[in-house]
Amino acid sequence: AKRDGGNRVRVFDRRLGDQVRARQQAEDDLRAALGTDQFVVHYQPIVALDDQRVTGAEALARWQRPGHGLTPPQEFIPLAEETGMIVPLGRHVLSSACTRAAGWQSAGRPLGVTVNVSTRQLADTGFAADVTALLASTGLDPHLLTIEVTESVWADEAAMRVLTGIRETGVRVALDDFGTGYSSLSYLQRYPFDVIKIDKSFTWSLEDPRTGGVVRCIIDLAGAFGATTVAEGVETVEQADWLRAAGCGYAQGFLYGRPSAVQDEWTATGTRP
Ligand code: C2E
Ligand code: CA
Ligand code: CA
Ligand code: CA
């Protein structure tokens, strides 16, 4: 038994060593990737539930990591946040999104664009100035830009001040993954916001009466604060019908489109030959 235990410790050591090396490699690769064109932004349509028209899109980061293919954000955003690399990376995403949306705007298709911003980015002193400069240089109407934050931002007073300042310039604020963190009515009351995003986990179990009740409550809550609701992860017509009947404003999900690099389909103005 003693020997077995020793072996297990060695196996564990080796696995841990592998993990540490893989993480270090990912960190090195991530650092090297900044300033190259390895980070791409995909866009997923957001549709109005009443008439199914695309009204905007969420910008979602992807990493074309050499030797690894297209890497999803869960595999590099947490690392980028830990190391502070989220600041330059987030600036790149924001810049791409504003440029893309300004293109839609000048093509006569003024769609909104919504960008995920981590608390770490908001806490960076240059953030507000970056947003202002990007809106000026691209000519994007500030109302067409929405910043998506999670409830965790409430814990950071400085980040909240920056967010409040940006909102005063006409940029909209969305609460992402609402109801999955530490929601508090007092925060909702204290800090104005424009959109509540209903998390996928709720959308996927609407038939459960308790979940259904919570979602109705979130929709009413948003209404009481003059905000709209976007349901994420909508994959079926049944989910869309339920949400529409409950008064949810907008939906996003594979039913309408996956995140993708090209958006010819839903950015068409309808005036093409
Ligand atoms: P999120 O902000 O909650 O984004 C929505 C996620 O749900 C996206 O995953 C999207 O592809 C996925 N999704 C949308 N509709 C459906 C559906 O119908 N079914 C299923 N199964 N999934 C759906 P993605 O692109 O992998 O992004 C994951 C997370 O990574 C995002 O979650 C966001 O928290 C983070 N993220 C992505 N891009 C950025 C970024 O530029 N900056 C920051 N800070 N975070 C980002
Ligand atoms: Ca989001
Ligand atoms: Ca979300
Ligand atoms: Ca989420």
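A brief look at the structure comes next. Each chain has its residues counted from 1, following the order in which its sequence is written. As a convention, the first chain written is A and the first ligand written is 1, with the rest following in written order. Restriction of local features to residues with pLDDT of at least 70 applies here, the model being predicted, together with a cutoff of 80 or more for giving and counting side-chain atom pairs; totals for whole chains, interfaces and linings are based on all residues. Excluded from the side-chain calculation are hydrogens and water; included are all heavy atoms of the structure.

Neighbouring ligand 1 are 23 residues, the closest being Arg62, Asp176, Lys200, Glu235 and Phe254. In this structure, a nitrogen atom belonging to ligand 1 sits 3.1 Å away from a main-chain N or O atom of Ala61. We define a polar contact as two N or O atoms separated by no more than 3.5 Å, with the added condition that, inside protein, one atom must be a possible hydrogen donor and the other a possible acceptor, whereas residues neighbouring each other in sequence contribute only through side-chain atom pairs. Glu232 places a side-chain nitrogen or oxygen 3.3 Å from an oxygen atom of ligand 1. Note that accessible areas follow from Shrake-Rupley with a 1.4 Å probe, and for residues the cover is restricted to the protein chains shown. A total of 800 Å² of accessible area belongs to ligand 1 in isolation, and the protein chains cover 84% of it. With a 1 Å grid laid over protein atoms only, a set of points is called a cavity when a 1.4 Å probe fits there but cannot get out and a pocket when it is open yet has protein on both sides within 12 Å along at least five of seven lines; lining residues have an atom within 4 Å of a point. Being in a pocket or cavity means that more than half of the molecule's atoms lie within 2 Å of its grid points. Applying the majority rule of atoms within 2 Å of the grid points places ligand 1 in the largest pocket. Here a strand is any run of E in DSSP of at least two residues, a helix any run of H or I of at least four, and the numbering for each starts at the N terminus. Only β2 (54-65), α3 (86-106) and β6 (172-178) provide two or more residues apiece to the shell around ligand 1. Sort the elements by how many residues they give to the shell around ligand 1 and β2 lands first, with four residues. Gly counts as polar in this scheme, as do all residues outside two lists: the nonpolar Ala, Val, Leu, Ile, Met, Phe, Trp, Tyr, Cys and Pro, and the charged Asp, Glu, Lys and Arg. Of the residues belonging to the shell around ligand 1, the class tally is 10 nonpolar, six polar and seven charged. Proximity criterion: a residue is near a molecule or strand once any of its heavy atoms comes within 4 Å of it.

With that out of the way, let us pick up the coordination of the calcium ion (ligand 3). Listed donors are limited to N, O and S atoms within 2.8 Å of the metal, widened to 3.2 Å for Na, K and Ca; water is not among them, so incomplete-looking sites are possible. Around the calcium ion (ligand 3), the protein contributes the donor atoms Asp176 (OD), Asp177 (OD), Glu232 (OE) and Glu232 (OE), at 1.9 to 2.8 Å from the metal centre. Look at where the donors of the calcium ion (ligand 3) fall in the sequence and you get D-D-x54-E. Here the calcium ion (ligand 3) and the calcium ion (ligand 2) are spaced 3.8 Å apart, linked through Asp176, which binds each one. In this pair, Asp176 sits in strand β6 while Glu232 sits in the loop between β8 (228-231) and α10 (237-245), placing the two residues 56 residues apart along the sequence. Relative accessibility thresholds used throughout: buried, under 20% of the residue-type maximum; exposed, over 50%; partly exposed, between the two (1.4 Å probe, protein chains only). Asp176 gets classed as buried once you look at its relative accessible area, which sits at 7%. For Glu232, a relative accessible area of 7% puts it in the buried group.

One non-glycine residue, Gln52, lies in the positive phi region at around 65 degrees. By secondary structure assignment, the location of Gln52 is in the loop between β1 (39-48) and β2. A positive phi angle, near 50 degrees, is found at Asp177, a position not held by glycine. Relative to the helices and strands, Asp177 resides in strand β6. With a relative accessible area of 24%, Asp177 lands in the partly exposed category.

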